Structures are given as structure tokens and as C-alpha cells.
Amino acid sequence: MMLIEETTVPDGALPVEEFKAHLRLGSGFGHDSVQDAVLTSFLRAAVAAIEARTGKALFERAFSLTVSEWAVADAQALPVAPVSAVTGVTLIDRSGGTTPVGNDAFWLERDTHRPRVRAVAACLPVVPTAGSVSVAFTAGFGAVWSDVPADLAQAVMLLAAHYYEYRDETSLSEGCMPFGVTSLIERYKPLRLGGRTT
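Described in the following lines is the structure provided in the data block. Each chain carries its own residue numbering, running from 1 in the written order of its sequence. The predicted origin of the model limits local features to residues at a pLDDT of at least 70 and limits the giving and counting of side-chain atom pairs to 80 or more, whereas totals for whole chains, interfaces and linings rest on all residues. Hydrogens and water molecules were not included; the side-chain quantities draw on all heavy atoms of the structure.

1. With respect to the pattern of salt bridges
When a carboxyl oxygen of Asp or Glu is within 4 Å of a side-chain nitrogen of Lys or Arg, the pair counts as a salt bridge. What the rule picks out here adds up to ten salt bridges. Two residues, D36 and K20, come together in a salt bridge whose shortest N-O distance is 2.8 Å. One end of the pair, D36, is in helix α3 (residues 36-54); the other, K20, is in helix α1 (residues 16-22), and 16 residues separate them in sequence. Assessed through its relative accessible area of 2%, K20 is described here as buried. Residues D74 and R118 are paired through a salt bridge, measuring 3.6 Å at the closest nitrogen-oxygen approach. One end of the pair, D74, is in the loop between β2 (61-67) and β3 (75-77); the other, R118, is in strand β7 (residues 116-119), with 44 residues separating them in the sequence. Each residue's exposure class comes from its accessible area (1.4 Å probe, protein chains only) as a fraction of the maximum for that residue type: buried when under 20%, exposed when over 50%, partly exposed otherwise. Overall, the relative accessible area of 30% leaves D74 in the partly exposed class. Through salt bridges with shared partners, one network takes in D74, E109, R116 and R118. Put simply, DSSP H or I for four residues or longer makes a helix, DSSP E for two residues or longer makes a strand, and each gets a number counted from the N terminus.

Spelled out as C-alpha cells, the structure:
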């Protein structure tokens, strides 16, 4: 399985000014943007860490998932949520040739933790021998910071502030995810019942 982030979060979508206020830096920096790149990097790192822990895309963007076989004949779970659309399914043969699958062959089962591509008929299209299948989809809460749920937004701020505060620290004990952050993201973590991944 290979998950690729096809588009990235633009710098302009990150809440740099809000982060300055959170750090109480706003009045000292005024309109000076000399540290914006540094603050942006901490925000980007915090977003990535929260997304990795929760399996949720905070900002909407395009992804693709490539697998060598379907998880089960009639469904394939997507490793990121929330998913707003499956934009394409493509069969790839062993030589790299591609065959698009018609949109009438699959549908998106929306789920908070484990959205799935489901077959319209009894099963999804057969994956070519020694080939793969690629699923293109759009995932994320929205395109702008205000679309991110308040608790996840607060977790990003707390974690980015933690990174900022301990930016020169190299010991593991000082660099671990703070308890307040783990509490805020707890309800967003994927549920794993009986090891099921479909």
C-alpha cells in the first residue's frame, strides 16, 4: 500500500497570525514577518503530527492510494478521513498501462474514521495480475483554518507552541507530545475493532 499526498497545504492557509497571538508575540513583532518562516515550519510540523496520530486530514487536499489488491472483494478502506469525494479509480497493469474505472462501478461510503470505496455490484474491478490499482480522492475538513474543528485547531496550536518552546531541546523526555494535545485528539483516533482494516 502506498499513500501519496498529491497536493500540499499552502503556507497561506496556515494560521501564522493566530499562532503569534497564541505565543504572545503579536505586539512585539508588529508587522515584521522576519520569523514567519520559522513559525510556519512549526505549524506545518504540528499539523503533520496531529494528522499522523489521528488519521485525519486537517486541510482539504488531494491524495492517491495505490494497492496491489483490494482489501476485500467489494470494499477498500481509505487511510485518511474525512473523505469528501473519490475522484477516480485506475487499474495499472504490470507494464504501467492504465485503465480508468467508470464512476458507475464504485461509490464512497463516508465514515468518521474509516471511509471506504465500495463496489456498486458484487465486487470491485479485478486488479491486473502483478499490477495494482490507484484510488484518487479528496480528504480534509476544509480549505481554510476556520474549517478545522476547534479541538484539533487547539491541539495544533499547543503542539506548535511546544515545538517552539523546546526548539533547541534534543532529549526525548522534553520533546514528547504534551498530555493536553493527546487529550484533545483522543476522540479522533481511528477505532480498531478486531484488527479489521476494510
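2. Overview of the nonpolar core
Think of a nonpolar core as a cluster: buried Ala, Val, Leu, Ile, Met, Phe, Trp, Tyr and Cys residues, connected wherever their side-chain atoms sit within 4.5 Å. Counting residues in hydrophobic clusters, the biggest one holds 31 residues, and the most contacted among them are F19, I50, L58, F59 and V156. For this core, the secondary structure elements donating two or more residues are α1, α3, α4 (150-165) and α6 (179-185). Among the elements that line this core, the one with the most residues is α4, at nine residues. Whether two residues are in contact is decided by their heavy atoms, any of which lying within 4.5 Å being enough. Discounting chain neighbours no more than four positions away, the residues touching F59 are V9, A13, L14, V47, E51, A139, G140, G142, A143, V144 and W145. V80, A119, V133 and F137 belong to the second largest nonpolar core, which has 22 residues in total.

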